[in-house]
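Listed below are the residues making up each chain.
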Amino acid sequence: MTIFEYVDSVRDHFPTAGEKLASMGEDMTAGDEDVDNEVNMDRRRKVAKVVDTSFYPAHLKQIDLVDGIKKKRFFQGTLRMFMNSCFSGAVTCHSLDGGKEVRIGGRKNLNRAVDGDVVVVQLLSAAEVAQSLRDRGKTDADFGTTSQVTTRADILAEKEVGSEPPPPKAGDSDKPEGRIVGILKRNWREYAGTLRPLHEERQKELAGGNAAKADRTFIPLDARVPNVRIATRHSSNLEGQRIVVVIDSWDRDSPNPKGHWVRILGPVGERDTESKVILHEHGVITREFSDAVLKCLPAADYYPSPEEIASRKDLRDRIVCSIDPPGCKDIDDALHCRKLENGNWEVGVHIADVSHYVKPDSAIDEEAQQRCTTVYLVEKRTDMLPSLLTTDLCSLVGHRDRLCFSCLWEVKPDTAEIVNVEFCKAIICSSGALTYYQAQAMHDDPNDKTELTESIRRLTIIARLMRAARNANGALELASSEVKFEMDSETHDPTDVKEYQKVEMMKVIEEFMLLGNRSVADHIAKVFPAFAVLRRHPPPKADALKKLEAVLGQQGFKEFKFGSNLELAQSLERATKPDDPYFNVLVRTLVCRCMNQAVYFPTGECDPLDFPHYGLAIDRYTHFTSPIRRYADVLVHRLLAASLGLWAVPPMFTDKERIKEQCGTINLKKRNADWSGRASVELHTYLFFEKNGSQEVDSVVIRCRKNGIQVSVPRFGIEGVAQIQQEDWNFDDDEEVLSSKDGKLKIKPFDHVWVRIEATKKDFRLKTELTFLEMTPAEKWRPAHEDAKIRQKVEAEMFPDRLDDAMAG
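An account of the sheet that holds strand β18 (residues 418–429) is needed here, citing residue identities and associated values.
Taken in spatial order, the five strands line up as β11-β18-β17-β14-β13 in an open sheet, and their pairing is mixed. A strand with exactly one partner marks an edge of an open sheet, and here the two such strands are β11 (313–314) and β13 (333–339). Sheet topology note: the strand β17 (residues 401–411)/β18 ladder contains 11 bridges and is antiparallel. Along β18, the bridge assignment pairs C404 with A426. Each of β13, β14 (345–352) and β17 is contacted by helix α16 (residues 451–472), which is oriented at about 95° to β13, the strand it contacts most.

What follows is the structure, given as structure tokens:
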């Protein structure tokens, strides 16, 4: 038996043996002047035979990678696959021209790397780029599949993950291409997906308890991940199920990675199963709270001791209420506004005192550090803290004494000027837990003169003044489509989908939450300049705004300026069409898409010039008002308490690396929670159209792409990319216009197009697919007020919505 035959025989037990043999072969073929030439050539032939039969080139040895990086022949970075593709991605190489992005295309150049791997890249020559471009269009369904359906969740995720750019031209140095020559750190994780069905004869062979191992192809839900080969004796039991698979190895002789399944999530297409998949794919912790965590909780009938009450400001005489979405159970905040004897008003924002129950570095605190946020899907939520706290002891429900952290302002009623601010631990008793709609109805009822309603009216007056002042300072009024589903009261299946109805009371609550957050931010940043936890929002992407400027120019708006947030806000005020509300909303939606993500950070890690929150036009901002559902707010509560001398600064804050890492974790978990919510909306949209069949409706063009038309569908409040026959169209990227090759049609942003919406599940990826049919004929176009009338008729047939609390997430 030769060494090569031996390696092949033990490959199942030692999957990297082939890799090591290839490396040995390279050593054998170099520097062998002292070996007989004929023997040396024989070795070379044997090695060449092995290498030629391998699917991928060998990864270089660690010593060669390190040496190549040092000499700048190679470059290190993290591979990020493009959205919905396992065939191409990019690596940002910080040592290459200050952080240039190197595109990696094709299986051979990817060389067994997966999304998130830390890799070493070698740049391709012009000739190699040309060959790479010729191979770029080649795909292989056995290796992986590229999703052709782009959803709203995909569109929003592209801002961070990146969409596949147009292929570069050979020799284009501004868009370098490369190949991966080594992997420094794997990012393999557990992947959710489904087995590709077997042909009928093979299914019969494995039926009836046949224990023979079957080789199966696992299709990951994430299209950025290649298919995985698994061997299992439970093939028939896994048919039609969502399962979780881990990668064990990826040898250079195997086109695909090999792995094994670890658990079953449930049948494909069932809502409960697909919700589990969403949470799993976004890294949401769903385990039960441990005994150690539960031991940190007080008794279910806990009531603060007389000593605890005496140490707090007693505000139970104030007429306080909470105002939240219908069905909200984790009530973080309550408000009041009363007249003072000097003619000014006292405004109070009262926030659940979670830090009273969650002590630093306790078991429950360590769990919250990992979860970081409550995650809201359409029909369910995954809490950051146990329910005894979230929906009971910490929730500021009506007519129950509750501990809180309060901000009290004395304001002038005619200008909303703040005369004084006080922070204190307090106890309140809310007069009622109201919904937005209940509070709005009370405010609007001229016959309601109760003190609670008068308090709401005073709050509204102050909120309007504060909002006007912020807008004058450059705060942005941006729109984004929020979708909710009406659910069947028995099956909990979605019966209809619509945009979230907004009322003024939502803006009132938003304004006072902003006031509380900015007041606390100013205070803790002043007291703890080295480690206060704030939230900053960088300026938007200038190149994206320039493109929007060109698009609006086509609509006749030539004065679109964005040199500052005030200029941008003023431009938005001008960019309106009185007779086209769709246009007005979409312009703000497009500006929202140009924004960078806001992030949490410790003040010692950032230049003070970068502290401001661009979108809110606020110099110092943090999150203080939702500690039940956000760990960042718990940290801020602790800082505020320490600033008031109520306790010592917890050790986390004085450990520079630890607080920096914790802020990074919070940012990651916040992003994943947002993506989970969007994926849940996409799932329920799919279920709605799967049940009700395809529909053809009017839509408004948001932007044109080379492979489709990104549209908004007012009837359903959803977005997506309407598919086109790409070979029939020419795309002008600069003008962002699609022109049919026969010269009959031209499509540009804000046009109305007629689309078909239908549910699809190609490769077991549940998607809502939109297809372009035609320009919307004049007789089919409906003005906004008519759409509203139709919407009201549809709503009358639907069951009550039970899940609005998800919108508060």
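Before we move on, can you summarise the sheet that holds strand β8 (residues 228–232) with the specific residues and values?
Pairing is mixed in the closed barrel, where five strands are placed in the order β6-β7-β8-β10-β9. Across the sheet, the mean angle separating the axes of adjacent strands is 50° when strand polarity is ignored. Bridge analysis of β8 against strand β10 (residues 258–267) gives two bridges, and the strand direction is parallel. In the strand pairing of β10, I230 is matched with G259.

For the pattern of salt bridges, give the residues involved together with the corresponding values.
This structure, assessed with the given rule, holds 48 salt bridges. Among the ionic pairs, D115 bridges to R224, the shortest N-O distance being 3.5 Å. Taken as a pair, D115 in the loop between α5 (107–110) and β4 (118–123) and R224 in the loop between β7 (214–220) and β8 lie far apart in primary sequence, 109 residues in all. Here D115 falls in the buried class, since its relative accessible area comes to 13%. One salt bridge in this structure joins R402 and D392, with 3.4 Å as the shortest N-O distance. With R402 in strand β17 and D392 in helix α14 (residues 387–393), this pair connects stretches of sequence that are 10 residues apart. With relative accessibility at 7%, the residue R402 sits in the buried group. You can call D392 partly exposed: its relative accessible area is 24%.

Break down the packing of helix α13 (residues 363–371) against helix α23 (residues 656–692) for me, with residues and values.
Packed helices, taken two at a time, are described by their axes: the angle between them and the distance between them. Between α13 and α23, whose axes approach to 8 Å, the crossing angle comes to 55°. Taken as axis vectors, α13 and α23 run oblique relative to one another. Touching Q369, Q370 and R371 of α13 are R658, Q662, T665 and K669, all from α23. Class assignment of the residues belonging to the contact of α13 with α23 gives a composition of no nonpolar, four polar and three charged.

Definitions and cut-offs
Residues numbered from 1 in each chain as written. Predicted model: local features only at pLDDT ≥ 70, side-chain atom pairs only at ≥ 80, totals over all residues. Heavy atoms only, no water. Pairing = 2+ DSSP bridges. Helix = DSSP H or I, 4+ residues; strand = E, 2+ residues; numbered from the N terminus. Contact = heavy atoms within 4.5 Å. Axes fitted to C-alpha atoms, helices over the stretch in contact; angles between N-to-C directions. Salt bridge = Lys/Arg side-chain N within 4 Å of Asp/Glu carboxyl O. Buried < 20%, exposed > 50% of the residue type's maximum accessible area, 1.4 Å probe, protein only. Parallel < 35°, antiparallel > 145°, perpendicular 65-115°, else oblique. Nonpolar A, V, L, I, M, F, W, Y, C, P; charged D, E, K, R; others polar.

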